[in-house]
Amino acid sequence: MYLLLVFLSIIGSCLAGLFGRYLGSWGSAIITTGCLFLSFLLSLFVFYEVAFSGCFVYIKLTTWISSEVLNIDWGFMFDSLTASMCVVVTFISFLVHLYSTEYMSHDPHISRFMSYLSLFTFFMLILVTADNFVQMFVGWEGVGLCSYLLINFWFTRIQANKAAIKAMLINRIGDFSLLMGIFLIFVNYKSIDYASVAVLTPFFKDKIINFLNLDVNLLTAIGIFLFLGAVGKSAQLGLHTWLPDAMEGPTPVSALIHAATMVTAGVFLIVRSSFLYEFIPNVLEIITIVGALTAFFASTTGLLQNDLKRVIAYSTCSQLGYMVFACGLSNYSVGFFHLSNHAFFKALLFLGAGSVIHAVADEQDMRKMGGLKSLLPFTYAMMTIGSLALIGFPFLTGFYSKDLILEVAYGKYTLPGYFSYFLGTFGAFFTAFYSTRLAYLTFLSKPNGYKKVISYAADSGLNICIALASLSIPSMLVGYYTKDMIVGVGTPFFGSAIYVNASNMNLFDAEFIPTFYKTLPVKLSLLGVLSAYFLYSFRSDLLFKLKTSFVGKKIYNFLNRKWYFDKIYNEYLAQFFFKFGYSTSYKFVDRGIFEILGPTGLSSVALKIGSGLHKMQTGFIYHYTFLILMGVTFLLGFREAFVQFSLFNDRIVFILVFVSAFFILYEPTPTEKSTT
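Definitions and limits used
Residues numbered from 1 in each chain as written. Predicted model: local features only at pLDDT ≥ 70, side-chain atom pairs only at ≥ 80, totals over all residues. Heavy atoms only, no water. UniProt positions renumbered as here; feature names shortened; annotations may be inferred. Core = buried A, V, L, I, M, F, W, Y, C linked by side-chain atoms within 4.5 Å. Buried < 20%, exposed > 50% of the residue type's maximum accessible area, 1.4 Å probe, protein only. Helix = DSSP H or I, 4+ residues; strand = E, 2+ residues; numbered from the N terminus. Contact = heavy atoms within 4.5 Å. Pairing = 2+ DSSP bridges. Salt bridge = Lys/Arg side-chain N within 4 Å of Asp/Glu carboxyl O.

The name an unreviewed UniProt entry gives the chain is NADH-ubiquinone oxidoreductase chain 5, with Fistulifera saprophila as the organism. Its UniProt record, at the heading Subcellular location (unreviewed entry), says of the chain: "Mitochondrion inner membrane".

Shown next, in the form of structure tokens:
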């Protein structure tokens, strides 16, 4: 049952990918969706047995690598953390598959699309069920590969090509850092499975290693590298720029990447590595600050985006910041609780946005929508539920996790705690503002689109409506019903899956913070909703004056251009590497030094020497006698110099003489002269 849960998705992917031509569009859709539905049912059984009954399961499938001390198994670990992730991943993936059967029905390549979606799900399940870092890295790389394939699904579009390459390259940075962390773990621990590393970590608490000629604490180095891997995958500040551009893929892809799979992998890694991070409080502070800055940055950037999907993408980036700084405050269970809650309402928002885009002839600019409330009543209701859950409206799913994160941040009573609380609270205000702006511009304002488009707008078909309705229920209720089980004081739900140092536990303290700070996020969220509705409904002239003022223009440009991150990366980093790659690496090194010391130089020197020797063949005996005398003199002189000065015992001198001879004897061909 446990293995079937993981491998059903790859079976569906192979059938749709290899035999899609024979199965047809509907055959591929039915098989992949059916496999995911069975996986979801199995995940419910696993959740009951593992999480409710407390029966953790470990499966060793086979040995993968066995070389000296390096032993890596294909093993699967099902604890309450894994079981919870499996339920979230399979439920949302099943609904995305169901949604795609209608959303992508017009596409001739739906078999390939469904195959990619199932493959994505398979690699995510490998990532969360792995019992060692290397197997987890296989799933980690797999979801990166599938994100490239899915973002670039419509590969004839240049923007889709660029977005997919950008996502892949930026994730390379994080993946390289994660790999470095895994190497450090293996070199020092001689093991890479979670259980062994967790047991041995306390013994390495004070170990110092020399890394890049610097003496650093071993656990600090490992923690930073693992966190940098999470920064790339979970789009934290600095490596976040791929996330909004990933909107170039089909909408079901956006829902799958940004709700339950790829972006949650980084948060999952931090939670899974809690046994490491609890011994390095300095790294936890860094995690807290980066997460808080991400939450604030993304919420301010989302204020002025006009693309419907990009607004929701920035809200994802912001919510990931909340999850990360919750983990940085040693409240891993609270961060995971928000991860699971966020998956439901964010998938609802993305799929609802897809329904809107479908209805208005694939238009994504909110300024060209409006007046859709009466034309798309069901979609409007679903989007409203998702938006209210996102802003943390009282008693919906987001309220129970988002406000709890801010409470434990304040209840930490430390500088990073206060820093993350206030940035997170202001971020909640901005989130409420842009969520209301999205709803107003899309549904409530006067129609701004073309008459032909707006007049034919209507709610989507049955499959899309079923997916939206199924997601709306957990978006309203799952937070209330699972709060005490997952994050209640003293709950044994996670057991040994999450380790928290006793001195870092402050969930109980968070209950007794001043009422003003406990209710401030909710008040600011409601203020954000009311102010956005009032300004856009009645005082749009005030917004225009603010935007066209001197200071307003500066702020508008700063936020609309995403804090100039893309500009800095493109103009300073990318251009530098392009110039370095062409002028230095290619022209000077590859086509210069390597060519002269390599095949071109050798052939040119050989030809030159051969030509010179050929000219010496004059046929006159006194010329030959002169050459013999010169040769003997040179050999005797070379031998005497070698004995007296040991000149060529020094290899550096020999290399310099050899290289100099090449440059002296080498003469560029006319073609090379013209190219340079």
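We are not done yet, so read on.
A few words now on the nonpolar core. One finds F78, I92, F133, W242 and Y277 to be the most contacted residues of the largest nonpolar core, which totals 205 residues. No other element matches helix α14 (residues 332–359), which puts 17 residues into this core. Dropping the residues within four chain positions of it, I92 is found in contact with A260, A343, F344, A347 and L471.

In this section: the side chain of N341. Within the secondary structure, N341 sits in helix α14. The residues contacting N341, other than those within four sequence positions of it, are T397, S401, V478 and G479.

Here the focus is the pairing of strand β2 (residues 70–78). The sheet contact formed by strand β1 (residues 57–67) and β2 spans 9 bridges and is antiparallel. Paired with T63 across the two strands is D73, which belongs to β2. Between β1 and β2, which pair antiparallel one after the other, the connecting turn spans 2 residues, and E68 there sits at a positive phi close to 55 degrees.

Oppositely charged side chains can pair when the atoms bearing their charge come close. One pass over the structure, following the stated rule, counts 14 salt bridges. Across the salt bridge formed by E407 and K518, the nearest N and O atoms sit 3.5 Å from each other. In this pair, E407 sits in helix α16 (residues 397–410) while K518 sits in helix α20 (residues 515–538), placing the two residues 111 residues apart along the sequence. Using a relative accessible area of 13% as the deciding quantity, one classes E407 as buried.

A separate point is the UniProt feature "domain: NADH dehydrogenase subunit 5 C-terminal" (unreviewed entry) in the chain. Within the UniProt annotation, "domain: NADH dehydrogenase subunit 5 C-terminal" (unreviewed entry) is assigned to residues 434–636. Across residues 434–636 one finds 75% helix and 0% strand; the C-alpha atoms that close the span lie 88 Å apart.

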